[in-house]
Amino acid sequence: MNQLTSLPKYLSLASKNLRRRLVRTSLTVAGVGLAVAVAVSLGGFMLGYRTSIDRSIDMLGFQVMIMAKGCPYEAATMMLKGGTGLLYLPSDTYDKVRKDPDVESITPIFVGVGQKEGSGVRDEGSEAAFTVMSGVEASSFLVMKPWLKMKEGRGYDGGRWFDAKSETEIVLGYEAAEYEQRKVGDTFYATVMPAGKATAVQREFRIVGVLERTGTQDDGTIFLPITAAQKLFNRPNELTILGIKLKDFSSFKLRDFENRWLKLPEVQVVGLQQVKSTLIGLVATAQAMVAAVAVVAVIVALLGVVNSVLMSVYERTGEIGVMKALGARRGDIFQLIWLETLMVCLAGSLLGSAGAAVGSSLVEKALRSLIDLGVSGSIVLITPRLIAGSVAGSVVLGFFAGLYPAWRASSMRPVDAIREGGA
Amino acid sequence: MNTVIEAKGLKRHYVRGIETVKALDGVDLSIREGEMVSILGPSGSGKTTLINLLSCLDAPTGGSLSVAGKAVSGLSEDDLVEIRRGALGFVFQRFHLLPTLSVTENVELPLLFLGRPARRERTLKVLEQVGLADRAGHLPNELSGGQMQRVAIARALLIEPKILVADEPTGNLDKAAGEAIFQVFKSLAKQGLAVIVTTHNTALGYESDRVVTLEDGRIVKEERGGKT
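The present account deals with the structure reproduced in this document. (Residues numbered from 1 in each chain as written. Chains lettered and ligands numbered in written order. Predicted model: local features only at pLDDT ≥ 70, side-chain atom pairs only at ≥ 80, totals over all residues. Heavy atoms only, no water.)

Here we take up the interface of chain B and chain A. With 31 residues of chain B in contact, the opposing surface of chain A contributes 27 residues. Carbon and sulfur atoms supply 62% of the area buried between chain B and chain A, which totals about 2700 Å² over both sides. Three residues stand out in chain B for area buried against chain A, namely B:His96, B:Leu112 and B:Phe113, and they jointly supply 25% of the buried area on that side. One can count five salt bridges joining chain B with chain A. When the shortest N-O distance is used, the salt bridge between B:Glu82 and A:Arg329 registers 2.6 Å. At the surface where chain B touches chain A, the tally comes to six residue pairs in polar contact (both at pLDDT 80 or more). Secondary structure elements with two or more residues in the side of chain B that touches chain A: helix H2 (77-84), strand E6 (88-92) and helix H3 (103-114) of chain B. The element contributing the most residues to the side of chain B that touches chain A is H3(B), with seven residues. (Contact = heavy atoms within 4.5 Å. Buried area = accessible area lost by both parts, 1.4 Å probe. Salt bridge = Lys/Arg side-chain N within 4 Å of Asp/Glu carboxyl O. Polar contact = N/O pair within 3.5 Å; in protein donor to acceptor, adjacent residues only side chain to side chain. Helix = DSSP H or I, 4+ residues; strand = E, 2+ residues; numbered from the N terminus.)

Printed below as a string of structure tokens:
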């Protein structure tokens with residue numbers, strides 16, 4: 001019987017030894033589990049946030065934005081999830097930029113921040129209840145976002161984009177329609193606080209289309225013709241952004257393009273790669289701090305494992321002596337204690353990973369309540385690869401955590417161990 | 001009968017600070033196959049030290065010792081375990097059965113360390129030998145003290161050792177259970193096993209073939225036993 005064939009027996013023996021002190025073993029496993037859950041959640045957040053930023057930015061459909069000068073982070077988040085503190089460009093910027101030889105396509109967008117039906121709608125706001133109202137030019141907007149499709153099925157058939165000249169037709173994003181329980185042909189009321197006016201104005205709109213789910217900020221948006229939006233918010237000659245696709249999107253060309261248009265007063269050119277790095281950079285510090293907490297949690301958990309296994313070794317001193325008397329070599333005892341440690345770490349890591357996977361939505365809610373992440377969609381992404389990595393990492397750490405207790409046990413002289421254990 | 005243990009001038013001295021404790025100081029003893037030897041003596045007389053040396057759990061600091069044909073003096077723990085493996089069976093006062101293993105699993109435990117496969121029929125035969133075949137699936141906490149000691153004896157016997165060493169095997173048992181355990185030892189000796197027992201129970205000790213009495217680390221009396 002070689003080491004390989006005897007391994008299942010050692011595993012069985014180690015498992016039975018662990019069950020002898022079920023409460024202690026459970027607490028130790030829970031400690032490892034908690035640390036792994038923190039680590040997996042953090043890993044999932046790092047992965048998910050990056051993916052979410054990538055996806056959200058890719059789903060904007062353009063590579064460069066031109067917008068009024070201000071904080072680039074606010075500008076980015078405004079486009080990604082409908083932020084507040086909107087600034088506006090003069091409309092003629094659109095006519096100037098569209099003639100640029102490097103521009104492949106361009107779309108003007110006017111953004112106002114709205115509220116749920118029955119509540120006031122105004123062009124600026126900071127309450128979470130407000131929703132984004134986006135004035136777009138459907139033809140150029142769809143060049144940027146060809147994946148936008150009308151929802152079909154009962155109550156949604158016949159959906160279409162609004163007439164560019166209409167002042168009453170709107171298209172709802174998937175979630176906006178779900179939230180308001182509206183279908184194609186329904187009426188939608190919005191109370192508007194136009195710029196420069198003291199009183200709100202309620203307007204009636206007709207829903208002409210509902211979009212399929214995209215998983216982006218578009219799902220919660222109310223789309224209307226850009227001219228109607230400008231009129232609604234009493235900003236007839238203003239835009240919020242220009243979304244641009246360049247013919248050649250290289251860093252050299254982008255810099256060239258930026259230099260050209262930054263000469264305009266009150267304008268900033270924001271490359272979306274820059275937006276990505278801005279957003280990731282903003283969260284990186286927080287991530288580093290949480291990573292440090294996770295590392296400390298893992299170290300504390302491992303010390304707990306070492307302590308627990310060592311305690312178990314001391315309690316079983318006599319028994320270890322007897323096993324040595326019965327013929328166990330150093331390696332046999334080492335293997336047994338080491339396996340016990342590895343099993344605790346493995347069980348803890350599986351438990352923690354499962355907990356992190358199940359609780360990822362709670363983690364996401366907690367993170368969102370703590371910091372403005374600037375993106376919509378899921379930001380905690382727990383993948384099988386991440387779980388496999390965490391489990392493997394825990395087992396490797398368990399490998400090291402088990403070394404000292406296993407060495408301690410295997411180094412006992414049987415005669416001393418039996419005497420100390422009171423044989 | 002062959003001699004399985006041969007000790008000449010056996011010493012075990014411990015140095016504690018500036019003091020040297022002579023736990024065993026020049027013991028001559030030989031034990032043959034099929035012989036049961038009891039070691040008697042008051043506490044601190046060196047019984048356990050002697051049995052630890054004879055069973056290769058400890059190494060002597062002086063004299064010569066041969067166990068199962070192999071010289072033991074000066075060997076490290078790693079060398080001693082190689083002599084113990086398969087040649088010596090152990091029974092301890094506190095049984096030291098693993099509480100989560102069944103009787104059968106406890107008995108088969110040494111095979112795991114020796115790298116030998118367990119054969120269930122052989123295990124049952126050994127359990128029959130100690131009168132516990134009907135308890136094979138029980139856990140230790142379902143057994144009496146005497147039964148647990150029998151399991152410990154079965155555990156020692158399964159590896160078919162040449163020498164069975166029992167340190168105070170009746171110390172935790174009542175009189176009847178102690179006598180029954182000694183009967184098992186005697187029967188094993190009759191089958192050719194060398195059995196060495198330390199005990200405080202003089203009456204039981206004299207049931208052995210030979211009785212060695214220790215005092216202050218030396219043999220002060222060596223008599224024939226054999227009372228039945």
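From this point, the narrative continues.
Next up on the list: a nonpolar patch on the surface. All names here are of chain A. On the surface, Val396, Phe399, Phe400 and Leu403 cluster together to form a nonpolar patch covering roughly 350 Å² of accessible area. Here the element with the most residues in the nonpolar patch is helix H13 (residues 384-401); it accounts for three residues. By the secondary structure assignment, Val396 is in helix H13. The exposure class of Val396 is partly exposed, given its relative accessible area of 45%. (Patch = residues over 30% accessible without salt bridge, like charges linked within 9 Å, V, L, I, M, F, W, Y side chains within 5 Å. Areas by Shrake-Rupley, 256 points an atom, 1.4 Å probe, with all protein chains shown as cover. Buried < 20%, exposed > 50% of the residue type's maximum accessible area, 1.4 Å probe, protein only.)

Let's shift gears to the packing of helix H9 (residues 272-315) of chain A against helix H11 (residues 330-358) of chain A. Residues and elements named next belong to chain A. It is at 10 Å that the axes of H9 and H11 come closest, and there the two elements cross at 140°. Considering the angle they form, H9 stands oblique to H11. Both H9 and H11 take part in a crossing whose hand is right-handed. The residues of H11 that touch H9, namely those facing Leu302, Val305, Val309, Ser312 and Val313, are Ile337, Glu340, Thr341, Val344 and Cys345. Taken together, the residues of the contact of H9 with H11 break down into seven nonpolar, two polar and one charged. (Axes fitted to C-alpha atoms, helices over the stretch in contact; angles between N-to-C directions. Parallel < 35°, antiparallel > 145°, perpendicular 65-115°, else oblique. Left-handed = near helix turned anticlockwise from the far one by under 90°. Nonpolar A, V, L, I, M, F, W, Y, C, P; charged D, E, K, R; others polar.)

Moving on to the environment of A:Gly215. Secondary-structure assignment places A:Gly215 in the loop between strand E8 (201-210) and strand E9 (222-225). Distance in space between the C-alpha atoms of A:Gly215 and A:Leu27 is 40 Å, their sequence separation being 188 residues.

The next subject is the sheet that holds strand E5 (residues 70-71) of chain B. All names here are of chain B. Within the open sheet, the four strands sit side by side as E2-E1-E4-E5. Their pairing is antiparallel. Edge positions in the open sheet fall to strand E2 (19-32) and E5, since each of these has one partner strand only. With 11 bridges joining them, strand E1 (residues 3-16) and E2 adopt antiparallel strand pairing. Paired with Thr3 across the strands is Arg32, a residue of E2. Seen against the sheet, helix H1 (residues 47-54) touches E1, E2 and strand E4 (62-67) and runs at an angle of roughly 125° to E1. (Pairing = 2+ DSSP bridges.)

Residue and element names in this part refer to chain B. Strand order in this open sheet of six strands is E6-E7-E8-E3-E9-E10, and the pairing throughout is mixed. Each edge of the sheet is formed by a strand with only one pairing partner; in this case those strands are E6 and strand E10 (218-224). Neighbour-to-neighbour, the strand axes of the sheet open up by a mean angle of 15°, direction not taken into account. Sheet topology note: the E6/strand E7 (residues 163-167) ladder contains five bridges and is parallel. From the neighbouring strand, Val91 faces E7, where its bridge partner is Ala166. Seen against the sheet, helix H5 (residues 145-157) touches E6 and E7 and runs at an angle of roughly 165° to E6.

Once that is clear, we can look at the pairing of E4(B). Residue and element names in this part refer to chain B. In the sheet, E1 pairs with E4 via five bridges, with the strands oriented antiparallel. Looking at the pairing, Ala7 lines up with Leu65 of E4. The hairpin formed by E4 and E5 contains two residues between the paired strands, and Ala68 there has a positive phi angle of roughly 50°.

Our focus in this paragraph is the nonpolar core. Grouped together as the largest cluster of nonpolar side chains are 116 residues, with contacts concentrated most on A:Ile66, A:Val97, A:Trp161, A:Leu242, A:Ile244 and A:Phe257. Element by element, the count of residues in this core is highest for H9(A), at 13 residues. Apart from residues no more than four positions distant in its own chain, A:Trp161 is found in contact with A:Val136, A:Ala138, A:Phe141, A:Leu142, A:Leu148, A:Met150, A:Val171, A:Val208, A:Leu211 and A:Phe223. Within the second largest apolar cluster, 37 residues are counted, among which are B:Leu97, B:Val103, B:Met148 and B:Leu158. (Core = buried A, V, L, I, M, F, W, Y, C linked by side-chain atoms within 4.5 Å.)

Turning our eyes to something else, we now look at H1(B). All names here are of chain B. Counted residue by residue, H1 has seven buried out of eight residues, so it is predominantly covered. Those residues of H1 lying buried are Lys47, Thr49, Leu50, Ile51, Asn52, Leu53 and Leu54. Following H1 by one or two positions, Cys56 adopts a phi angle in the positive range, close to 60°.

A complete count under the given rule lists 33 salt bridges over all chains for this structure. A salt bridge links A:Asp218 to A:Lys145; the shortest N-O distance between them is 2.8 Å. Placement of A:Asp218 in the loop between E8 and E9 and of A:Lys145 in the loop between helix H5 (138-144) and strand E6 (169-172) is noted, with a sequence separation of 73 residues between them. Classification of A:Asp218 by relative accessible area gives buried; the value is 4%. Of the residues examined, A:Lys145 reaches a relative accessible area of 2% and is grouped as buried. Between A:Arg413 and B:Asp58 there is a salt bridge, with its nearest N and O atoms 2.6 Å apart. In this pair, A:Arg413 is assigned in the loop between helix H14 (403-410) and helix H15 (414-420) and B:Asp58 in the loop between H1 and E4, connecting two distinct chains. Judged by relative accessible area, A:Arg413 falls into the partly exposed class, the value being 32%. Residue class for B:Asp58 comes out buried when judged on its relative accessible area of 2%.

All names here are of chain B. Here Ser38 lies in strand E3 (residues 36-40). Here Gly205 takes part through its backbone oxygen, which lies 3.1 Å from a polar atom of the side chain of Ser38. At 2.4 Å, the side chain of Ser38 and the side chain of Ser208 are in polar contact. Among all residues touching Ser38, those that are not within four sequence positions of it are Phe182, Val197, Gly205, Ser208, Arg210, Val211 and Val212.

Moving on, we come to the environment of A:Asp58. All names here are of chain A. Along the polypeptide, Asp58 turns up in helix H2 (residues 22-58). Classification of Asp58 by relative accessible area gives partly exposed; the value is 48%. Between the C-alpha atom of Asp58 and that of Leu381, which follows or precedes it by 323 residues, the distance is 18 Å. Setting aside its immediate chain neighbours within four residues, Asp58 contacts Trp147 and Lys276.

Purely geometric stuff here, so don't read any function into it on its own.
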